[in-house]
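Residue-level listing of the chains:
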Amino acid sequence: MTMNAVKLKTPLAVAIASAGLAMASSANADATNLEQRLAELEERIEAAERRADIAEERAELAEKATQERLMSGEVRERLEKVERQASGEEGFSFNAYARSGLLLNDQGKSAEGGPYVTPAGNLGGAVGRLGNETDTYAEAILNYRQQYDNGAKAKYTTMIADGVTTSNDWTADESDLNVRQVYAEFSDLPSFTGVFEDASIWAGKRFDRDNFDIHWLDSDVVFLSGTGAGIYDMKFADGWTSNLSLYGRSFSDFEVVNRENPGDDTASTDNLIITSNNYFGNWQLMLNAMSANDNDERDIEANQTAAEKGGHAMLAYHGNSFFGLSDGSFKAALLHGQGLGAEVKSIGSNGNLTDDATATRLALYGTTYIAPAWRMAPSILAEVSDDRFAEGDDYQWAGLNIRLANEVTENFEMQYEASYQYMDLDPNGYDGRNPVSGDYSSLTIAPTFKPEIGGFWQRPEIRLYASWKDWSDELNEYSANDSFGNEDFIGDEWTFGVQTEVWF
Amino acid sequence: MTMNAVKLKTPLAVAIASAGLAMASSANADATNLEQRLAELEERIEAAERRADIAEERAELAEKATQERLMSGEVRERLEKVERQASGEEGFSFNAYARSGLLLNDQGKSAEGGPYVTPAGNLGGAVGRLGNETDTYAEAILNYRQQYDNGAKAKYTTMIADGVTTSNDWTADESDLNVRQVYAEFSDLPSFTGVFEDASIWAGKRFDRDNFDIHWLDSDVVFLSGTGAGIYDMKFADGWTSNLSLYGRSFSDFEVVNRENPGDDTASTDNLIITSNNYFGNWQLMLNAMSANDNDERDIEANQTAAEKGGHAMLAYHGNSFFGLSDGSFKAALLHGQGLGAEVKSIGSNGNLTDDATATRLALYGTTYIAPAWRMAPSILAEVSDDRFAEGDDYQWAGLNIRLANEVTENFEMQYEASYQYMDLDPNGYDGRNPVSGDYSSLTIAPTFKPEIGGFWQRPEIRLYASWKDWSDELNEYSANDSFGNEDFIGDEWTFGVQTEVWF
Amino acid sequence: MTMNAVKLKTPLAVAIASAGLAMASSANADATNLEQRLAELEERIEAAERRADIAEERAELAEKATQERLMSGEVRERLEKVERQASGEEGFSFNAYARSGLLLNDQGKSAEGGPYVTPAGNLGGAVGRLGNETDTYAEAILNYRQQYDNGAKAKYTTMIADGVTTSNDWTADESDLNVRQVYAEFSDLPSFTGVFEDASIWAGKRFDRDNFDIHWLDSDVVFLSGTGAGIYDMKFADGWTSNLSLYGRSFSDFEVVNRENPGDDTASTDNLIITSNNYFGNWQLMLNAMSANDNDERDIEANQTAAEKGGHAMLAYHGNSFFGLSDGSFKAALLHGQGLGAEVKSIGSNGNLTDDATATRLALYGTTYIAPAWRMAPSILAEVSDDRFAEGDDYQWAGLNIRLANEVTENFEMQYEASYQYMDLDPNGYDGRNPVSGDYSSLTIAPTFKPEIGGFWQRPEIRLYASWKDWSDELNEYSANDSFGNEDFIGDEWTFGVQTEVWF
């Protein structure tokens, strides 16, 4: 049709031109002239009409294209659905955390290590993790999300995890592969209104949604997990949201002190934890009460009684700046627990605590840029606890850690970490341990590749590292079962390695 | 271009108006007038022509949009492919079954329980599961589907599963994680014609496709599984489709009764099961023959011989209504087995059955709405068996279970379950068990949240529950290895808990 | 608007017709006539103008459709993103390898078997696998790929794998489920230029990317794996690309020969392997050096010292034709290792090798069509090694295997395999083994279904098979711990089975 239209143009132009010439002829010929001009005009108008026909026809295509646009609306709708599916907003999605690498001593053999390597480690006293990890640890998280016609949403999460220290590929003998989480969570339930308007409910086995950590120490501030059910995000008042959960945990088998058959029977006990987590602006107040019926039958040591109950509280502040000093973030938490609550991080997970156990912990970290390409993340973790595993025991430890990163190119940065921990531990004879006091220091340098730099939480990373660690000789005497004092691991240690760390 | 077109309109309108005025003037001025009008017309037609040009140009866009529409066809095709991928029709897809929660007694400790908790449980006598499950059990099913240019389709399925009773998150010590299914299935093979037109073939390790269960008892009616190969959906005649499969199973190691070295050697034996599954309308006839060479060398007890062979048949009806009484569904099955076939549910899985063992089981359930928001699902499971594990043993048990659900809101329902089981078990001394008879009853109430109510098979659910269970005292005497009579689990028990159940 | 336009057409046509009639009337009526014709023309031009208005309006739709086209560009962009996600180019993707089936002897019991079934098997001497596999082995590979704004790409891979020989579905007791790979790999890093332009880096636990195998023997030519880091595809010169990696492996615990506390202590040792892999056109030169500090403390046998170091080299050719004879492919490799390098396939995985151990291996295979529907894949694997596990031991073995396939229909083929292996093994008393020499032969026929035939690497397959195996009687005497000579597995064996094999 375009062809025809174009062909028409030329005769029209000729017609216009001849009409112009015709107007220049004698007046006598006026009638004929007019006749002629009229005929020409008629011709031209017919041509114009034909072109109008063509234009109309073509315009109809435009209208169809409009319908097409509507159809594209359908396309867009379907596209949005597959986008939701591809992004995991609906249907399956995959998340992971993993670290894997080598940690070698100057003999080229696997080195001892880990954030919990010091004597304070079994009390939760973590030190810096950079260049200090010995394991291949991986979590595979399989999620499935559903959206319903009534607006409700459901999420199902299952996590399998494994951690081994061997470097081999086939690790069936060493495997710790296990299912750490299996839970469902519902939100946007249409009959939830008022206080429950934004609430979601869950049941199963899980890590609590609101756990948070000091990443550089591989230590949660609180790590609440187990099997149970709960409700998140009730809104009791403006500026007050609240969670309520029941978590069960199992204390491993223990020998029952039975008067009739001493040491002849074993039992396990369940610890039930009621937790209330409250947010007021940046402030968080978490309260936990727990009860483990018959745990007092556990034989922890002569003349001592394992706790049957526990209490725990945490006051935390989640800051939007680097302690008000610069852009960044900080978190600070004060935790206190008694009885079974004296394990202040992994709430309710330790059945060996005495009735009188108390622990108070401070956890704190911040992140900021101290120069355009220099990031800094300092942290403090410190605890005092008494009568923990034995009457009269007394543990004190405090650590400071600083991670520095210098972003050199868009995919490379130099990372540095300095870690210091002081500890004064008096186990009062518990488990054959000796009282010690002293300190631990480490310095690590880690050239680090990442696909794209982008701050504190950007992973994956591939690192090389060299690390120097030293500690007070006395710490080697604490326990025969820990790393310090093991074989040649006695202080002034150099370690080297490579590692990847991934999460998404 | 729109701008130009609009600008042209005003002078044209003026021209028309002045042409009208011109026509009202004297006849003497006619020629001039005509001349003028013609000139105006010429002007107007030139304008019209210019506008036609513009319209043509614009119309060309419409044509391009038509091409765009064709392109959109390509878009739609590509969209359909990603839709197939996103939905799992092609490529990866994820399915799951999971349950996880707490079952507590009135002391706040983990309670005994489970659908197989009664003495009849080890014979397959399941009771109601609501508020009666103690484990975190999860299946993760990873599928991969392919479509071929010749029309053929392939499906690969692998399932990993785990079940633990601890409430802890890290369960490496208790982990039962294992691979339960690994198989491939092909359908729509172009060279399959005639009887095989709609047939599909499979090989690997799997749960048979046509297993079916009484969900509320957590009991399959038949559960055929193992490693092998087979063909589904052969069509021998109108209204007769048929499956044929070979399944292998392994009986666990047993001590070989060896005359020369009595009790000095162990062996394992494989059970091979040939199964033919036939469908005639709503009727199903399943026939199984099995053979486990050398299984008679197994020492099951003095003077008795373990079966080397077995036979099994099931006649089932899959109803489209609630027993013809109302809308809904029902299934009824009568199963009979001899020798190795006397384990009538988990076909071929038990190597301890005697040569003379016989078992006959009735399984039946239905689902219906008894009022607009009230669902009901009753079921019966009953069995008689003789000479099962020892000559002269005699087991009889029958159970009735009813699940009721009252849909209260669009995301909440009240569920109720009543379960009753009578048993008269005479093991004739097998495994130190005592003859008992008596009954078991339970009542459960379970407020249940779900994202959207929607009938019997709609999951996920999050439930709270309270349950009362009682049984004849005599049942506590059956075996020292079962739950009844264990510690304080002696009857008149109250249990409480929370749980999620998920499948998709 | 279309309606209005159509309505206008008719009066216009009438107007044209009447204008024609008017022109045929008397000259006296000329002025009136002209007047009338002009009026008509004016009317028509007004109509034409209205139509031009309409056409313009419609053309505007065409313009919007153009915008729509641009929008469709957005649609296409979004579509391309979901296509990348659906295909696994971005985000999650799933890969698998699996085999599962039954291998039965003529008694209907599970048969011994496997490509490593012969005495040469524990030295790496694999024979044909068709109809010779006893296990359900499955790998589930979960990948996650990310693309960054700066062009960089990251891939995360985790693989879980399991292998069992039981036919049962629930295999918690036998489970070998473990995490075989966890690694991250980065490519297209913007600051990688020059030699590193196309290089990618990785860290974690993995199978080396460039391992390759002789599929029909289930034997890699090299299988390098472990935990470490490396860099692929450095380009040192035109036609020379090179990889450099560090892999760690762990030798299992062994008793330390300690003068003070003989046999009283255990230790594990790490083997560090530096590998350089170089490609020059079709040629590959791989060099490995390894060191396992303190491995000489291992007690392998009196008067012998386990190696602390090792060297290994492989020269390989990757051919694009069937040995230059016809279309197809071939690969040939010559491997030599000393000390810890004398395990020439699974590099660095064996800590029991002596200081003097040497091994030289030839590996070779080709694939071609020998007739339109006949594929052939012959292979050779042979090795000589000395002082391997004990001074003076001497092992020689060589095997030839041919797989033939006749593509019968588009989803069915007949597969055949003939395997022969000669071995002359003198362990010089190591581990109580006896010197033997002799040969092994097998013939297998396997009717094979696949969704679509398509050459050597097309899977999934479902196979039936019958196999005959025979060997020299003397081979039954080699070791009490291997299959040969076990129970009734003494030669002239028939086996039967079904199996699926899957990869994608």
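Just so we're clear, the structure is a prediction, and the values are computed from it rather than from any experiment.

S.K.: Give a detailed account of the overall build of chain A, specifying residues and quantitative values.
M.R.: When helices and strands are tallied, chain A shows 2 helices and 20 strands. Evaluated residue by residue, chain A yields a buried proportion of 57% over its 504 residues. Counting only contacts in chain A whose residues sit at least 6 apart along the sequence, the fraction spanning at least 24 positions is 61%. Within the structure as shown, chain A displays about 19,700 Å² of accessible surface, and the carbon and sulfur contribution to it stands at 51%.

S.K.: Can you break down the pattern of salt bridges residue by residue, with the values?
M.R.: All names here are of chain B. Within the structure shown, the criterion is met by 90 salt bridges over all chains. Taking the shortest distance from any N to any O, the salt bridge between Asp233 and Arg209 comes out at 2.8 Å. On the criterion of sequence distance, the pair formed by Asp233 in strand S8 (residues 225-237) and Arg209 in the loop between strand S5 (200-207) and strand S6 (212-214) is long-range, its members being 24 residues apart. Overall, Arg209 belongs to the partly exposed group, its relative accessible area being 33%.

S.K.: Tell me what's going on with the nonpolar core, and back it up with residues and numbers.
M.R.: Within the largest apolar cluster, 99 residues are counted, with the highest numbers of intra-cluster contacts made by Phe94(A), Phe94(B) and Phe94(C). Dropping the residues within four chain positions of it, Phe94(B) is found in contact with Phe92(A), Leu142(A), Asn143(A), Tyr144(A), Thr158(A), Ala140(B), Ile141(B), Leu142(B) and Phe504(B).

S.K.: Mind laying out the interface of chain A and chain C, listing which residues take part and the relevant values?
M.R.: Each side of the interface is counted separately: chain A has 75 residues, and chain C has 79 residues. Summed over both partners, the interface of chain A with chain C buries about 6,500 Å², with 63% contributed by carbon and sulfur atoms. When the area that chain A buries against chain C is broken down by residue, the three leading residues are Glu56(A), Asp169(A) and Trp170(A), summing to 11%. Remark: the boundary between chain A and chain C carries 5 salt bridges. The residue Arg78(C) makes a salt bridge to Glu80(A) at a minimum N-O spacing of 3.7 Å. Run the count over chain A and chain C and you get 20 residue pairs in polar contact (both at pLDDT 80 or more). Only helix H2 (30-87), strand S1 (91-105), strand S2 (136-147), strand S3 (153-164), strand S19 (461-471) and strand S20 (493-503) of chain A provide two or more residues apiece to the side of chain A that touches chain C. Split into classes, the residues belonging to the side of chain A that touches chain C amount to 36 nonpolar, 19 polar and 20 charged.

S.K.: Lay out the relation of the copies chain B and chain A with the relevant residues and their values.
M.R.: Rotating chain B by 120 degrees about the axis while translating it 0.5 Å along that axis superimposes it on chain A, leaving an RMSD of 0.5 Å. The operation mapping one copy onto its partner corresponds to a three-fold rotation axis.

S.K.: Before we move on, could you go through the packing of aromatic side chains and cite the residues and values that matter?
M.R.: As enumerated under the stated definition, the model contains 98 aromatic pairs over all chains in all. Look at Phe236(B) and Trp240(B): their rings are 4.9 Å apart centre to centre, the planes differ by 65 degrees, and that puts the pair in the edge-to-face class. Geometrically, the ring pair formed by Trp283(B) and Tyr317(B) is edge-to-face, given 4.8 Å between the ring centres and 70 degrees between the ring planes. Separated by 34 residues along the polypeptide, Trp283(B) in strand S11 (residues 283-291) and Tyr317(B) in strand S12 (residues 309-322) bring together distant segments of the chain. Across the ring face of Phe456(B), the terminal group of Arg375(B) is positioned such that the distance to the ring centre comes to 5.3 Å. The ring of Phe212(C) carries Lys331(C) above its face, with NZ or CZ at 5.3 Å from the centroid.

S.K.: So, the interface of chain B and chain A: which residues are in play, and what are the values?
M.R.: The interface is formed by 76 residues belonging to chain B together with 81 residues belonging to chain A. Area buried by chain B at its contact with chain A is led by Glu56(B), Asp169(B) and Trp170(B), which between them contribute 11% of it. Inspection of the region where chain B meets chain A yields 20 residue pairs in polar contact (both at pLDDT 80 or more). Of all the secondary-structure elements, those providing two or more residues to the side of chain B that touches chain A are helix H2 (30-87), strand S1 (91-105), strand S2 (136-147), strand S3 (153-164), strand S19 (461-471) and strand S20 (493-503) of chain B.

S.K.: Describe the pairing of S20(B), listing the residues and the values that go with them.
M.R.: Residue and element names in this part refer to chain B. Within S20, 8 of the 11 residues are buried, which leaves the element mostly enclosed by the surrounding structure. In the sheet, S1 pairs with S20 via 9 bridges, with the strands oriented antiparallel. Note that in S20 the partner of Tyr97 across the bridge is Trp503. Direction of pairing for S19 relative to S20: antiparallel, over a ladder of 9 bridges. When the bridges of S20 are listed, Glu461 appears paired with Glu501.

S.K.: Requested: an account of the side chain of Arg403(C), with residues and values cited.
M.R.: Residues and elements named next belong to chain C. By the element assignment, Arg403 lies in strand S16 (residues 394-409). Overall, the relative accessible area of 6% leaves Arg403 in the buried class. For Arg403, the side chain forms a polar contact with the side chain of Gln415, separated by 3.1 Å. Not counting the four nearest positions on each side in its chain, Arg403 is found in contact with Arg129, Leu130, Trp216, Arg375, Met376, Ala377, Gln415, Tyr416 and Glu417.

S.K.: Tell me about the side chain of Asn105(A), and please be specific about residues and values.
M.R.: Residue and element names in this part refer to chain A. With respect to the element layout, Asn105 can be found in strand S1. Look at Asn105 and you get buried, because its relative accessible area is 18%. Ignoring anything within four residues of it in the chain, the contact list for Asn105 reads Ser110, Ala111, Trp494, Thr495 and Phe496.

S.K.: Quick one: what's the story with the pairing of strand S15 (residues 374-386) of chain A, residue by residue and with numbers?
M.R.: Residues and elements named next belong to chain A. Sheet topology places strand S14 (residues 358-371) next to S15; 11 bridges connect them, and they run antiparallel. Pairing of Tyr369 across the sheet is with Arg375, part of S15. As consecutive antiparallel partners, S14 and S15 are separated by 2 residues. When S15 meets strand S16 (residues 394-409), the two strands line up antiparallel, connected through 13 bridges.

S.K.: Describe a negative patch on the surface, listing the residues and the values that go with them.
M.R.: Residues and elements named next belong to chain A. Among the surface-exposed residues, Asp296, Glu297, Asp355, Asp356 and Glu391 lie close enough to one another that they form a single negatively charged patch. In this fold, Glu297 is placed in the loop between strand S11 (283-291) and strand S12 (309-322). Residue Glu297 is classed as partly exposed on the basis of its relative accessible area, which comes to 34%.

S.K.: Let's hear about the confidence of the model for chain A: which residues, and what values?
M.R.: Averaged over all residues, the pLDDT of chain A is 89; the fraction at 70 or higher stands at 88%. Overall, residues 1-27 of chain A carries pLDDT values under 50, and its contacts beyond four positions in sequence, including any with other chains, amount to 33 contacts.

S.K.: Break down the environment of Gly351(C) for me, with residues and values.
M.R.: All names here are of chain C. By the element assignment, Gly351 lies in the loop between strand S13 (326-339) and strand S14 (358-371). Here the alpha-carbon distance between Gly351 and Arg298, two residues 53 residues apart in the chain, equals 8.4 Å. When near neighbours in sequence (up to four residues on either side) are disregarded, Gly351 contacts Phe251, Asn295, Arg298, Ala306 and Leu340.

S.K.: Requested: an account of unusual backbone geometry, with residues and values cited.
M.R.: When glycine is set aside, most residues are seen to have a negative phi, and most peptide bonds are trans. A cis amide bond, omega 5 degrees, links Arg459(B) with the succeeding residue Pro460(B). Assignment of secondary structure puts Pro460(B) in the loop between strand S18 (436-449) and S19. Even without glycine at this site, Asp294(B) takes up a positive phi of about 75 degrees. Mapped onto the elements, Asp294(B) comes out in the loop between S11 and S12. Its identity is not glycine, yet Asp218(C) carries a phi of approximately 50 degrees, on the positive side. Locating Asp218(C) in the fold gives a position in the loop between strand S6 (212-214) and strand S7 (219-222). Overall, Asp218(C) belongs to the partly exposed group, its relative accessible area being 27%.

Conventions used here
Residues numbered from 1 in each chain as written. Chains lettered and ligands numbered in written order. Predicted model: local features only at pLDDT ≥ 70, side-chain atom pairs only at ≥ 80, totals over all residues. Heavy atoms only, no water. Helix = DSSP H or I, 4+ residues; strand = E, 2+ residues; numbered from the N terminus. Buried < 20%, exposed > 50% of the residue type's maximum accessible area, 1.4 Å probe, protein only. Contact = heavy atoms within 4.5 Å. Areas by Shrake-Rupley, 256 points an atom, 1.4 Å probe, with all protein chains shown as cover. Salt bridge = Lys/Arg side-chain N within 4 Å of Asp/Glu carboxyl O. Core = buried A, V, L, I, M, F, W, Y, C linked by side-chain atoms within 4.5 Å. Buried area = accessible area lost by both parts, 1.4 Å probe. Polar contact = N/O pair within 3.5 Å; in protein donor to acceptor, adjacent residues only side chain to side chain. Nonpolar A, V, L, I, M, F, W, Y, C, P; charged D, E, K, R; others polar. Least-squares fit on C-alpha atoms with pLDDT ≥ 70 in both. Phe/Tyr/Trp six-rings, centres within 6.5 Å; stacked < 30°, edge-to-face > 60°. Lys NZ or Arg CZ within 6 Å of the ring centre and 35° of its normal. Pairing = 2+ DSSP bridges. Patch = residues over 30% accessible without salt bridge, like charges linked within 9 Å, V, L, I, M, F, W, Y side chains within 5 Å. Lys, Arg positive; Asp, Glu negative; His and termini not counted. Charge placed at Lys NZ, Arg CZ, Asp CG, Glu CD. pLDDT = per-residue confidence, 0-100.

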